[in-house]
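Residue strings, one per chain:
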Amino acid sequence: MKKISVCHGKKCGPGGAAQLMQTLQDEYVKQGVPVEERGCCGRCERHNTIVVLDDNGEEVIVSDLDPAKIREQFIEDPLPVIERARIEQEEAM
């Protein structure tokens, strides 16, 4: 991963984006992966959302994250989560 952006839009912001961002920063910044705040990414119905810039420079949107469970949902094994989100994105197109 090259970068993680955490949505702070109208649903994600109040839904725990700050906690989500802090946990991701605690984990990834020390690995050299910047974690930054971003505006709404248009997935309000599926908050909380992050946008991952993968090693190929492609953005992958990962939604339905629970700030209290982000370790289990993403941090412990991010590659399958990113791949599922990528497939979901392609099918939606």
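Chemist: How do you make sense of the sheet that holds strand β4 (residues 59-62) when you look at a structure like this?
Modeler: An order of β2-β1-β3-β4 is seen for the four strands of this open sheet, with the pairing classed as mixed. Each edge of the open sheet carries a strand with a single partner, namely β2 (35-38) and β4. In this sheet, adjacent strand axes meet at a mean angle of 25 degrees when their direction is disregarded. Across the sheet, helix α1 (residues 13-28) lies against β1 (3-7), β2 and β3 (50-53), angled at about 165 degrees from β1, the strand it touches most. Sheet strands touched by helix α3 (residues 78-92): β3 and β4. Its angle to β4, the strand with the most contacts, is close to 100 degrees.

Chemist: Please clarify how α1 should be interpreted in this entry.
Modeler: Structural remark: α-helix, 3.6 residues per turn; residues separated by three or four positions point the same way. Among all positions in α1, only Gly16, Ala17, Leu20, Met21, Thr23, Leu24, Glu27 and Tyr28 are buried. On its buried face, α1 sits against β1, β2, β3, α2 (70-75) and α3.

Quick notes on the rules
- Residues numbered from 1 in each chain as written.
- Predicted model: local features only at pLDDT ≥ 70, side-chain atom pairs only at ≥ 80, totals over all residues.
- Heavy atoms only, no water.
- Pairing = 2+ DSSP bridges.
- Helix = DSSP H or I, 4+ residues; strand = E, 2+ residues; numbered from the N terminus.
- Axes fitted to C-alpha atoms, helices over the stretch in contact; angles between N-to-C directions.
- Contact = heavy atoms within 4.5 Å.
- Buried < 20%, exposed > 50% of the residue type's maximum accessible area, 1.4 Å probe, protein only.

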